[in-house]
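# Commentary on secondary and tertiary structure
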Amino acid sequence: MRVRLGSGTGKCCPVLFVQRLPCLQHDGKHLKENENIACETYKAVGEIKTLGRYVVMRRCDDFQEDPGVKCIVCFASGEQIRDLCALAHFGSHNVFNLISVPWGPACATLVTYPAGMAENASLSQISIGPTDPSARGWLPENCLAMGIPAEIARKMANDVVRSFLAKIDNVS
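Let us look at the structure shown here. (Residues numbered from 1 in each chain as written. Predicted model: local features only at pLDDT ≥ 70, side-chain atom pairs only at ≥ 80, totals over all residues. Heavy atoms only, no water.)

## So, the sheet that holds strand β6 (residues 126-129)
Reading across the sheet, the four strands line up as β4-β7-β6-β5 and stay open at both edges, with mixed pairing between neighbours. Bordering the open sheet on either side are β4 (71-76) and β5 (99-100), each of which pairs with just one other strand. Where helix α3 (residues 78-90) meets the sheet, it contacts β4, β5, β6 and β7 (144-149), and its direction lies at approximately 20° from that of β7. On top of the sheet, helix α5 (residues 150-159) reaches β4, β6 and β7; it is set at about 100° to β7, its chief contact. (Pairing = 2+ DSSP bridges. Helix = DSSP H or I, 4+ residues; strand = E, 2+ residues; numbered from the N terminus. Contact = heavy atoms within 4.5 Å. Axes fitted to C-alpha atoms, helices over the stretch in contact; angles between N-to-C directions.)

Rendered as structure tokens:
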């Protein structure tokens, strides 16, 4: 079965994982080299579980106090994402697996993976992306997104005052 992903539809795509579609296309181009790689990719992601009836996205002024927050989504320039990556590494010994640029639809980078909805996603790993080419239709050219699991985001927020961010003037 071949499915065309519509860009700019405003729909989130975790359902594509659940259906285990063997091959995806975007603008007539395959997102995976062949059906075998596509199937193995879906197996690597694992089952997708819902967080409840709704996923609510809102400003995070008070996320430190809200136990219901699963992840934080940041949209920023490459320079700002680089600084956020450095901040995440500031309080971590994890050199190689703290930050990932995973494959999947944009909503997987933003919510599905960092919120722990994907069976094999780690709540100890930040996602950067999206790698989904359909994001070109809505994400500004010089912008990246970062999906941060809530506990990592809380630690990063607490680390700011002790980190390099508090010590230099020209941080984005």
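## Some remarks on unusual backbone geometry
The peptide bond linking G129 to P130 adopts the cis configuration, its omega dihedral lying at 0°. Tracing the backbone shows P130 in the loop between β6 and β7.

## Remarks on the environment of T50
Structurally, T50 can be placed in the loop between α2 (35-45) and β4. The exposure class assigned to T50 is exposed, which follows from its relative accessible area of 66%. Taking the C-alpha atoms as reference points, T50 and A118, separated by 68 residues in sequence, lie 9.0 Å from one another. (Buried < 20%, exposed > 50% of the residue type's maximum accessible area, 1.4 Å probe, protein only.)

## Some remarks on the side chain of K32
With respect to the helices, strands and loops of the structure, K32 is situated in the loop between β3 (29-30) and α2. Only 3.4 Å separates the side chain of K32 from the side chain of T41, close enough to count as a polar contact. Once residues within four sequence positions are removed from consideration, K32 is found in contact with I37, A38, T41 and W103. (Polar contact = N/O pair within 3.5 Å; in protein donor to acceptor, adjacent residues only side chain to side chain.)

These values are about where atoms sit, not about what they do.
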